[in-house]
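Here are the chains, one letter per residue:
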Amino acid sequence: MADRLPTEFDVVIIGTGLPESILAAACSRSGQRVLHIDSRSYYGGNWASFSFPGLLSWLEELQQNSDTEEETIAAWQNLMEDTEEAISLQKKDETIQHAEVFCYASQDRVDSVLETDALQKYPSSETSSTSIKPLDSTKEKDSAPVTSCKMPDKHTQKSGEISLEVPDEEELMEKEKPCGDKICIHRVSEEEKNKNKPADEPEDNADKPKRNKITYPQMVKEGRKFNIDLVSKLLYSQGSLIDLLIKSNVSRYAEFKNVTRILAFREGKVEQVPCSRADVFNSKELTMVEKRMLMKFLTFCLDYEQHPDEYQDFKQCLFSEYLKTKKLTPNLQHFILHSIAMISESSCTTFDGLKATKNFLQCLGRYGNTPFLFPLYGQGEIPQCFCRMCAVFGGIYCLRHKIKCLVVDKGSRRCKAIIDHFGQRINAEYFIVEDSYLSREICSNVQYKQISRAVLITDQSILQTDSDQQISILVVPPEEPGACSVRVTELCSSTMTCMKDTYLVHLTCSSLKTAREDLEPVVKKLFSPFAEAEADEEGLKKPRLLWALYFNMRDSSGVSRSAYHGLPSNVYVCSGPDCGLGNEHAVKQAETLFHEIFPSEEFCSPPPNPEDIIFDGDDKQLDAPGTDNTEMAKLEDGEESKNLENAGQHPQT
């Protein structure tokens, strides 16, 4: 794209996260002139998905994300009038902290693949402690050869260069020193892999089950088969995002698969939770009495509003206490709390618990035997789908385009324009900005929450069955009062998010400490590090952990507009991802902001019928805007959605 952009727009949107992308599509569809800008080189912001090399490039960018530019407001003064002033925007992303990487897989080279060594080590450049604050850690021995290469990201807009660095003897002597202000990279040396192996046990044990050995070079070689989400979400089949995809016909740009099973973690074991009536009566985990009790309670939850006398006295009590009054067994209480309602045992009220249970039940059966769908190629596809719709209706997109400041009229306190890094002034009526772009001065009174995230690559499912293509969700309850439950989503290779013979596992919870401190205890319950699994007979029963990433992400979803200091009246703020399982907050926020800006316009109205589109009196019928020959999924109601109701199959046309 040329450096010079048009100078007049109706709406300028800064950031390409999900709520911003939905707003861009809605504004463009209503006939507004839209400019959608992002300083990043990829779509999605913190909603993005990366290939494995792309994720490593993203980690390197976090290290290099320092505020090196010294421009002042005076540099842009000649572009402003005397009655205007500038509000600077944030020059670096501070939403990700405490990033730590662990590699447990073997470093053995396979198939003479030279390029696979290129991503085994990150440069040791330091960054400001405000952007990344890793835990203290030790440096591990690495025998990888020194080399370098360029590996482009999954996104066509990006290619990342990663140079290698192998520790020398001095580095190995510094093993007990902390990482400092950079991302911690933990390597497991061959000595440490073998230190737990019993000396009297032979290397090859014929009694041990056979497992495919996945090495780190293999993972890098097939890195483009990974699509790793920064935020772990699922789509409720009756949720607001599915309804919006159908209404706007954006669903044509995406494909989906059913989540095949819901799991529970109880007494140290992972069990499958029955969802449908058939699952309940076929379950071997429940007694006949429990099956009848469960069906009776779930039937009540479907129309609990019609029986207020059943719960009115417990409306503000904890849902867990209410379940005890229903004389449900501890087994059933656990299933309902953590696998059906999926709410916090220590804070959720009875009313919220009944509402969550009803929502779960209403979503069953629309597209499969669980309430959830997952987009093929990852959550990061959804923002791009809405961006595509915006572009179809005339929106202009520009990545790697930094915005230096907002130009504000001193009298009216309305924003009149933005100034980009080329020194171009772009005028607009309305401005929508992602929270991470706002300066510290504007956010000085904001109190942010944090999300703890972990991304794991493993070699087996947490609950093995005859099929190795399972998509699972599991909620691990907290062990201590006041702690948060941990949501675990396990994706198989058929979701196009990981290579064959591996699983991609996402862990999410509200932050109490750093991500590693919050999530590592759950990781140890469910998985065995690669080296320990080789030596420990008990470890063979668990999936082996090959690679792990921990990081904290800012949660700005609960911030109100009044918390921002000095925000111009026509500047609207979109938050980043929240900690919830669904996308309801992002959709609701986008719709609310759209109606504030354009109260008389329809939000994401359906596209016109192709047969009704005529240009300049030409009778030639045009194809639907934005369609192509690529196989796309269609989520539609009525008769046309019957093909989606088979469990385990993703919608196709």
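Residues numbered from 1 in each chain as written. Predicted model: local features only at pLDDT ≥ 70, side-chain atom pairs only at ≥ 80, totals over all residues. Heavy atoms only, no water.

An unreviewed UniProt entry annotates the protein as Rab proteins geranylgeranyltransferase component A of Dipodomys ordii. For the protein, the Sequence similarities (unreviewed entry) comment in UniProt is given as "Belongs to the Rab GDI family." The heading Subcellular location (unreviewed entry) in the UniProt record of the protein holds the text "Cytoplasm, Cytosol". (UniProt positions renumbered as here; feature names shortened; annotations may be inferred.)

Overview of the nonpolar core
Ranked by internal contacts, the top residues of the largest apolar core, which has 77 residues, are Phe 52, Met 219, Phe 297, Phe 319, Phe 372 and Trp 547. Here this core spans two domains, since at least three of its residues come from each of domain 1 (8-64 + 74-93 + 377-447 + 558-597) and domain 2 (276-363). When neighbours within four sequence positions are excluded, Met 219 is seen to be in contact with Phe 52, Ala 105, Ile 214, Phe 226, Ile 457, Met 499, Leu 546 and Trp 547. Within the second largest apolar cluster, 45 residues are counted, among which are Val 11, Ile 13, Ile 242 and Leu 373. (Core = buried A, V, L, I, M, F, W, Y, C linked by side-chain atoms within 4.5 Å. Buried < 20%, exposed > 50% of the residue type's maximum accessible area, 1.4 Å probe, protein only. Domains from an automatic or database assignment. Contact = heavy atoms within 4.5 Å.)

Points about the sheet that holds strand S15 (residues 396-399)
Each strand in a sheet pairs with another by means of backbone hydrogen bonds, the pair being arranged parallel or else antiparallel. If you walk across this open sheet you meet the five strands as S15-S2-S1-S19-S26, and the pairing is parallel. Every interior strand has two partners, whereas the edge strands, S15 and strand S26 (571-574), have only one. Taking the axes of each pair of neighbouring strands and ignoring which way they run, one obtains an average angle of 15° across the sheet. Where strand S1 (residues 11-14) and strand S2 (residues 34-38) come together, four bridges link them in parallel fashion. Counted as the bridge partner of Ile 13 is His 36 from S2. Each of S1, S2, S15, strand S19 (430-434) and S26 touches helix H1 (residues 18-29); the most contacted strand, S2, lies at about 160° to it. (Pairing = 2+ DSSP bridges. Helix = DSSP H or I, 4+ residues; strand = E, 2+ residues; numbered from the N terminus. Axes fitted to C-alpha atoms, helices over the stretch in contact; angles between N-to-C directions.)

Digging into the sheet that holds strand S10 (residues 235-236)
Overall, antiparallel pairing links the three strands, which are arranged S10-S14-S11 in an open sheet. The open sheet is flanked by S10 and strand S11 (256-258), the only strands paired with a single partner. For S11 and strand S14 (residues 372-375), the ladder comprises three bridges, and the chain directions are antiparallel. When the sheet's bridge partners are listed, Asn 258 is paired in S14 with Leu 373.

A word on the pairing of strand S22 (residues 486-491)
Within S22, six of the six residues are buried, which leaves the element mostly enclosed by the surrounding structure. Both faces of S22 are covered, namely the face carrying Val 486, Val 488 and Glu 490 and the face carrying Arg 487, Thr 489 and Leu 491.

Quick word on the pattern of salt bridges
Inspection of every chain in the model, using the stated rule, returns 22 salt bridges. The partner of Arg 413 in a salt bridge is Glu 85, and the shortest N-O contact between them spans 2.3 Å. Here Glu 85 lies in strand S4 (residues 84-88) and Arg 413 lies in the loop between strand S16 (403-409) and strand S17 (415-420), a separation of 328 residues in the sequence. Using a relative accessible area of 32% as the deciding quantity, one classes Arg 413 as partly exposed. One salt bridge connects Arg 544 with Asp 459, and the closest N-O pair in it is separated by 2.8 Å. Here the residue Arg 544 occupies a position in strand S25 (residues 544-555), and Asp 459 occupies one in the loop between strand S20 (449-458) and strand S21 (472-476), the gap between them amounting to 85 residues. (Salt bridge = Lys/Arg side-chain N within 4 Å of Asp/Glu carboxyl O.)

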